[in-house]
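# Geometric and topological summary
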Amino acid sequence: MADLLSRDAVQLAASASSAEEAIRITGGVLVDAGAVDPTYVDAMLAREQSVSTYMGEGFAIPHGTVESKDTVRRDALSFVRFPDGVDWNGHDVRVAIGIAAIGDNHVGILSQLAMILVDPDQARQLREASDVESVLRLLQPSEGDDS
């Protein structure tokens, strides 16, 4: 999964006053990385309107709608940490991981993220990572993992 996240798509000190602003920032990183067209950010906001992307452990995973697949240029992730937190519909979010995926590739990406976030210690380490190298290392598949 770390191969989907480029160094320049990691922001460790962002600030947002709402989930909508956080999604715009997270999606903007995907746009800047060349992974999606700018209209994909609107699809990320539409997804959030229909189903919350809050995952627990201080994480949200905003991603676009099925209808927005044609605006995705390549599979990619963005990792944006909000040290002061963001009110995500009543939940405190410290990290938003934006997902851009062609076809059904998002299912595998979501599964891999869920495996990390189900472990409170791994989630804490990722949430508190203070440098890009740590984020990339923590998102690497475990030894023996076929992902």
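Right, let's talk about the overall build of the protein for a bit. In terms of helices and strands, the protein carries five helices and five strands. The principal-axis extents of the C-alpha atoms in the protein amount to approximately 35 × 35 × 25 Å. Across the 147 residues in the protein, those meeting the buried criterion constitute 48%. Pairs at least 24 residues apart make up 65% of the contacts formed inside the protein by residues separated by at least 6 positions. Entry remark: accessible area of the protein is about 7100 Å², with carbon and sulfur atoms responsible for 48%. Averaged over its 11 positive side-chain charges, the protein has a centre that lies 3 Å from the centre of its 24 negative ones.

The subject of this paragraph is the environment of S6. In this structure, S6 sits in the segment before β1 (10-11). Residues S6 and D121, 115 residues apart in the sequence, show an inter-C-alpha distance of 24 Å.

Let's shift gears to the nonpolar core. Of all hydrophobic cores here, the largest spans 47 residues; its most connected members are L5, F79, F82, W88, I97, L126 and V135. With seven residues, the single largest contributor to this core is strand β4 (residues 76-88). Aside from chain neighbours lying at most four places away, what touches F79 is L5, A9, V10, Q11, L12, V95, A96, I97, L126 and V135.

About the cut-offs
Residues numbered from 1 in each chain as written. Predicted model: local features only at pLDDT ≥ 70, side-chain atom pairs only at ≥ 80, totals over all residues. Heavy atoms only, no water. Helix = DSSP H or I, 4+ residues; strand = E, 2+ residues; numbered from the N terminus. Buried < 20%, exposed > 50% of the residue type's maximum accessible area, 1.4 Å probe, protein only. Contact = heavy atoms within 4.5 Å. Areas by Shrake-Rupley, 256 points an atom, 1.4 Å probe, with all protein chains shown as cover. Lys, Arg positive; Asp, Glu negative; His and termini not counted. Charge placed at Lys NZ, Arg CZ, Asp CG, Glu CD. Core = buried A, V, L, I, M, F, W, Y, C linked by side-chain atoms within 4.5 Å.

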